[in-house]
Amino acid sequence: MFKRKSLIGFNTNAKTIKGEKIGFYTGILYLAPSDLSGYQVCPMAKLAKCDIACLNTSGRGAFNSIQLSRINKTKYFFENRNDFMINICKDIEKGIKKAKLLNQELLIRLNGTSDIKWENVAFIYNGNHYNNIMECFPNVQFYDYTKINNRNNLPNNYDLTFSYSNAITFHKYNGIAFKNKQRVAVVFRNERDIPLTFKGLNVIGGDNSDVRHIEPKNTIVALYAKGKGKKDNSGFIVG
Ligand code: SF4
């Protein structure tokens, strides 16, 4: 019998496994970042200079078969959008059941390694039109990191953390995020480089879990570089 292949992976990385310990069951979709697939999924990546250091190269993403699968998923999103979204819905329905069994809250992050404005992705599922995936699952909490400033008017169940880049070409976008009092994630080169405050804001550790939506706005979420990112000198990383 044909077995449908999942697009979303549940609790597949160390940080989401840590999230399970505090009551959250997390599903993440990983696409091929920047324009690796031939389609651009990270419009700010060149300005932010983060494509080389991208988390895509950390952990499981370092293997070729995983890279290939992410490229195929990205092409699927662009070339057969509604079908792709139907499969995302099926994955989320599966996640809801599993989270219930575990007595945990389900979290969904669709930009594991992309920066797509999911709030603008409309689709039809079971004959109903949805303006976005959050509208289809109003009781599920969605979250993402983003380098795009103008993502306003988000659905209530979609939380965004702005993603800082230290590249000079990106400074004005960081400035807008600070001005808007967003929660801002900053990648430091080493764990030991993480300060107590950054740009005058309190720093909280971001590697203890990936549960962001419960954290305050107007704070810095500190992460440290992994994979090829550790050696990246393009300017994205602090330190
Ligand atoms: S860090 Fe984010 S915006 Fe930059 S290339 Fe990776 S997924 Fe895209």
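Criteria and cut-off values
The residue numbering used here restarts from 1 in each chain and proceeds along that chain's sequence as written. A pLDDT threshold of at least 70 governs which residues receive local features in this predicted model, and a stricter bar of 80 or more applies before side-chain atom pairs are shown or counted, although totals over entire chains, interfaces and linings include all residues. Strands here mean DSSP runs of E at least two residues long; helices mean DSSP runs of H or I at least four residues long; both are numbered from the N terminus. Based on C-alpha atoms, the radius of gyration is set beside the globule rule, defined as 2.2 Å times the residue count to the power 0.38. Between the buried cut of 20 or more and the exposed cut of 12 or fewer other C-beta atoms within 10 Å of a residue's own C-beta lies the partly exposed class, and all C-beta atoms are placed from the backbone. By this definition, two strands are paired if DSSP reports at least two bridges between them.

## Quick look at the overall build of the protein
Here is step 1: A tally of regular secondary structure across the protein gives six helices and eleven strands.
Here is step 2: Taken over the C-alpha trace, the protein has a radius of gyration of 17 Å; the compact-globule value for 239 residues is 18 Å, and the two agree within 12%.
Here is step 3: Buried residues in the protein amount to 39% of all 239 residues.

## Observations regarding the pairing of strand β3 (residues 105-109)
Here is step 1: Burial analysis of β3 places four of its five residues in the buried class, which makes it a mostly covered element.
Here is step 2: Looking at chain direction, strand β2 (residues 24-29) and β3 are connected through five bridges and run parallel. Bridge pairing in β3 places phenylalanine 24 opposite glutamate 105.
Here is step 3: Both β3 and strand β6 (residues 141-146) contribute to a ladder of two bridges, which runs parallel. Residue leucine 107 lies in a different strand from β6, and its bridge partner there is glutamine 141.

## A closer look at the environment of isoleucine 220
Here is step 1: Here isoleucine 220 is to be found in strand β11 (residues 220-224).
Here is step 2: The class of isoleucine 220 is buried, set by 23 C-beta atoms lying within 10 Å.

Any functional reading would require information that these geometric values do not contain.
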